[in-house]
Amino acid sequence: MIKTGIFGGSFNPIHNAHLQLARQLREAAGLDEVWLMVSPQNPLKQQAGLLADDLRLKLAQKATSGEEGITVSDYEFHLPRPSYTWNTLRALTADYPDRQFVLMIGGDNWQQFCRWYRADDILRHYRLVVYPRRDCPVGPVPAGVQVVEAELMDISSTDIRRRIRQGRPITGLVPASIEHDIVAAFGLQPTTTSPDA
């Protein structure tokens with residue numbers, strides 16, 4: 001069985017911390033591969049500043065070109081919405097019987113995990129890898145949940161979007177291969193200044 005980690009997110013935009021975390025968790029959890037699962041936009045909940053699904057997907061694919069063991073997936077784009085993790089995992093298991101799927105989440109999501117749709121079923125049927133995040137310590141965990149200490153880079157998609165709006169550089173925060181694409185996607189050039197809104 002191929003051990004495949006599922007690392008979901010909006011990736012709006014993808015950045016270097018996402019990639020570093022995927023690499024670290026893949027190694028620490030003994031996974032063969034990690035799929036970066038790009039979450040589709042909920043049509044009932046328009047999110048300000050969220051790039052189109054296909055554009056976020058393309059940026060992530062370009063960012064991971066040449067990355068060993070890391071693949072970008074649009075699998076959830078083709079599932080009924082909203083995309084509940086339980087439904088995604090069950091569909092993946094049916095479509096890829098040669099893989100053992102492992103859910104990868106941060107400590108912030110773990111703190112809210114009991115409120116997830118069919119959380120108990122996820123714990124019963126799937127292995128979880130949880131990585132602590134700042135101000136989100138991970139306490140005792142049940143069997144089947146592995147806590148992995150990861151070196152967290154101080155980078156966020158929110159900060160990258162803010163920097164672009166303010167005309168500040170994002171060099172070093174995102175892969176060089178997509179830096180220009182990200183700035184263009186958010187509609188401003190690095191030298192342009194505007195109020196942070």
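Residues numbered from 1 in each chain as written. Predicted model: local features only at pLDDT ≥ 70, side-chain atom pairs only at ≥ 80, totals over all residues. Heavy atoms only, no water.

A.B. asks: Explain the pattern of salt bridges to me, and be specific about the residues and the numbers.
C.D. replies: In the structure shown here, the tally under the stated rule is 11 salt bridges. Between D53 and R56 there is a salt bridge, with its nearest N and O atoms 2.6 Å apart. Within this pair, D53 and its partner R56 are both found in helix α2 (residues 53-63), separated by three residues, close to a single helical turn. Just as D53 is buried, R56 falls in that class too. Overall, D53 belongs to the buried group, its relative accessible area being 16%. Because the salt bridges share partners, they merge into one network encompassing E33, D98 and R99. (Salt bridge = Lys/Arg side-chain N within 4 Å of Asp/Glu carboxyl O. Helix = DSSP H or I, 4+ residues; strand = E, 2+ residues; numbered from the N terminus. Buried < 20%, exposed > 50% of the residue type's maximum accessible area, 1.4 Å probe, protein only.)

A.B. asks: Tell me about the side chain of R161, and name the residues and values.
C.D. replies: Take R161: it is sitting in helix α6 (residues 157-166). Take R161: its relative accessible area is 17%, and that puts it in the buried class. Within the structure, the side chain of R161 is placed 2.6 Å from the backbone oxygen of N12, a separation counted as a polar contact. Here R161 is in contact with N12, P13, G49 and F186, once residues within four sequence places are set aside. (Polar contact = N/O pair within 3.5 Å; in protein donor to acceptor, adjacent residues only side chain to side chain. Contact = heavy atoms within 4.5 Å.)

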